[in-house]
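Each chain is listed here by its residues.
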Amino acid sequence: MDRTEHLLGLLLGTEEDWPRAFEELVRRLGPVSHDGADHTLRTERITIEPFDLRAKPTYHLVIDRLAYWYYVPREWLKKAALMDDVYLLNSPFTFQSMEKHAAYCAMIRLGLKVPDTWLVPYKNPVDNARYAYTAAKYNQPFDLDEIADSIGYPLYMKPYDGGAWRGVSRIRDDETLHHAYDESGEMLMHLQASVEPYDVFARSLTIGPDSMVMKFQPDQPMHNRYAVDHSFLSASAGEEVLTISRLINAFFRWEFNSCESLVLGESVHPIDYANACPDISITSLHYYFPWAIGTLLKWSVFCAVSGRRPRLDLDTRNYFAVADSDRTYDEKLTEYRRLADDYFETERYQDFCATSLSHVDSMVRDWVTSPAFDDLLVETVRSTYPASEHDRFVAHFRGLLGLWVADNA
Ligand SMILES: Nc1ncnc2c1ncn2[C@@H]1O[C@H](COP(=O)(O)OP(=O)(O)O)[C@@H](O)[C@H]1O
Ligand SMILES: [Mg+2]
């Protein structure tokens, strides 16, 4: 492989908006100079087909939006990670699926304020011929009410590997508890203490070491969930959300993830920290969309061009050493931040952005004000909303993106 020509693979499902945006920005990028060489970058959409395990992929880096549900590309990604050193956002080894259970375990071990959480066995047995024998021999009967009482009402019941609010319910009493459990069927569920009333819901989109912490309004319709608000958290709570997001990503080697925390006073409670395929569509991120695509571009280019190697191994011991020390919570966060910055090479990345990618911010701004971007917006609105709503939503999103342009002038 020529080390100055880099192919960025996109493994996509149904999305069109952000991939078109990303492809356009890579086209506009031009050569990136680094260490005395000019690097060129190209994108390609990856197709799904039989593969020889010994075949050499041509991709330097892959942004994966598919493997969390589609297993052919998932197995191809594993091969590419193990055999070919392809840089993956994200590695299937750490993101087998949207598995928040492991994230809770890690965060509790690291001393973070995850609400009380239990895992309960399936309501309906798994489909396996050996189940009856095994269950008769080893499954303990359990009292669901007792567990719920020990957590306290209200609580949340939700799948251990959740995503997209599937199967999530707020449980206020034993009647709703049993109803929700009966409905859960073959899903494996957590019961989790509810953080309520909380002051604010912070959702951070993290790409490499960069995060955008956004005020999230879960009760609003999709287009209105992210509020444009730059000072909804105190400085210290804001830093804490940032640190926790970067920490959990570095811990698991997740490089493209969205993280959710409920903030009560100065106290930050993580509730959902494993989203392998974070929502970055223009109709939900609106104002924040240019940031997201620009940052995805910068981090991808850094990984492809700067010689950063993908890492499959975890160094949990270093994190646990901090967790087990007698440092205070704040001191631990400081140490975690150092470990996370070390993993992400934050300083080298910032340096790279300032030197090799110094033109990217203005390039993104030019593109957002271009007719091509407006076309993308209009087409996305047309394919997302019914005809009677097109005008209203086009005006709505144009307004928000205009605001972003003004704020970033
Ligand atoms: N412990 C909790 N306390 C308060 N609200 C919660 C809690 N857990 C979940 N929720 C609410 O339910 C929503 C969906 O739960 P979440 O864990 O984020 O699942 P998903 O992975 O499907 O997004 C959250 O956005 C939040 O509004
Ligand atoms: Mg969530």
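Residues numbered from 1 in each chain as written. Chains lettered and ligands numbered in written order. Predicted model: local features only at pLDDT ≥ 70, side-chain atom pairs only at ≥ 80, totals over all residues.

Engineer: Help me out: how do you make sense of the sheet that holds strand 12 (residues 226-227) in this one?
Structural biologist: Sheet strands line up and pair through hydrogen bonds in the backbone, either parallel or antiparallel. Spatially, five strands are ordered 12-11-10-13-14 in an open sheet, and the strand pairing comes out antiparallel. Bordering the open sheet on either side are strand 12 and strand 14 (267-272), each of which pairs with just one other strand. For strand 10 (residues 200-207) and strand 11 (residues 210-216), the ladder comprises seven bridges, and the chain directions are antiparallel. Along strand 11, the bridge assignment pairs Ala 202 with Lys 215. Sheet contacts for helix 7 (residues 235-252): strand 10, strand 11, strand 13 (256-264) and strand 14; angle to strand 10, the most-contacted strand, approximately 45°. Relative to strand 10, helix 9 (residues 289-305) is tilted by about 35°, and along the sheet it contacts strand 10 and strand 11. (Pairing = 2+ DSSP bridges. Helix = DSSP H or I, 4+ residues; strand = E, 2+ residues; numbered from the N terminus. Contact = placed C-beta atoms within 7 Å. Axes fitted to C-alpha atoms, helices over the stretch in contact; angles between N-to-C directions.)

Engineer: Please clarify how the nonpolar core should be interpreted in this entry.
Structural biologist: One broad trend across soluble globular proteins is that nonpolar side chains are buried collectively. Judged by nonpolar contacts, the single largest core of 91 residues is most densely connected at Val 62, Met 107, Ile 248 and Ile 293. Of all the elements, helix 9 adds the most residues to this core, at 11 residues. When residues no more than four places from it in sequence are discounted, the contact partners of Ile 293 are Trp 18, Ala 21, Phe 22 and Leu 25. Met 157, Ile 171, Met 189 and Leu 191 belong to the second largest nonpolar core, which has nine residues in total. (Core = buried A, V, L, I, M, F, W, Y, C linked by C-beta atoms within 7 Å. Buried ≥ 20, exposed ≤ 12 C-beta atoms within 10 Å, placed from the backbone.)

Engineer: I keep staring at the site of ligand 1 and nothing clicks. Help me out?
Structural biologist: Among the 18 residues in the neighbourhood of ligand 1, the closest are listed as Tyr 156, Gly 162, Ser 194, Pro 218 and Asp 272. Where the shell around ligand 1 is concerned, the elements lending two or more residues are strand 7 (155-159), strand 13 and strand 14. The class makeup of the residues in the shell around ligand 1 is nine nonpolar, four polar and five charged. (Near = placed C-beta within 6 Å. Nonpolar A, V, L, I, M, F, W, Y, C, P; charged D, E, K, R; others polar.)

Engineer: For this particular structure, what's the right way to read the environment of Arg 253?
Structural biologist: Within the element layout of this structure, Arg 253 appears in the loop between helix 7 and strand 13. Given 20 C-beta atoms within a 10 Å radius, Arg 253 is considered buried. Residues Arg 253 and Leu 314, 61 residues apart in the sequence, show an inter-C-alpha distance of 7.3 Å. Among all residues touching Arg 253, those that are not within four sequence positions of it are Ser 91, Thr 94, Arg 311 and Leu 314.

Engineer: Would you take a moment to explain the domain arrangement of the chain for this structure?
Structural biologist: Interface size is commonly expressed as the accessible surface area that is lost when the partners come together. Taken domain by domain, the chain holds domain 1 (5-89) and domain 2 (116-193). Domain 1 and domain 2 are separated by 38 Å when their C-alpha centres are compared. (Domains from an automatic or database assignment.)

Engineer: What exactly am I supposed to notice about unusual backbone geometry here?
Structural biologist: Across residues other than glycine, the phi torsion is negative in most instances, and most of the peptide bonds are trans. Residues Leu 89 and Asn 90 are joined by a peptide bond in cis, for which omega reads 10°. Tracing the backbone shows Asn 90 in the loop between strand 5 (87-89) and helix 3 (100-109). Geometrically, the link from Glu 196 to Pro 197 is a cis peptide bond, its omega value of -5° lying close to zero. Phi at Ala 164 takes a positive value of approximately 60°, unusual for a residue other than glycine. Within the secondary structure, Ala 164 is located in the loop between strand 7 and strand 8 (169-171). Owing to 10 C-beta atoms within 10 Å, Ala 164 belongs among the exposed residues under this scheme. Phi at His 286 is positive, roughly 35°, even though this residue is not glycine. When the 23 C-beta atoms within 10 Å are taken as the criterion, His 286 is described as buried.

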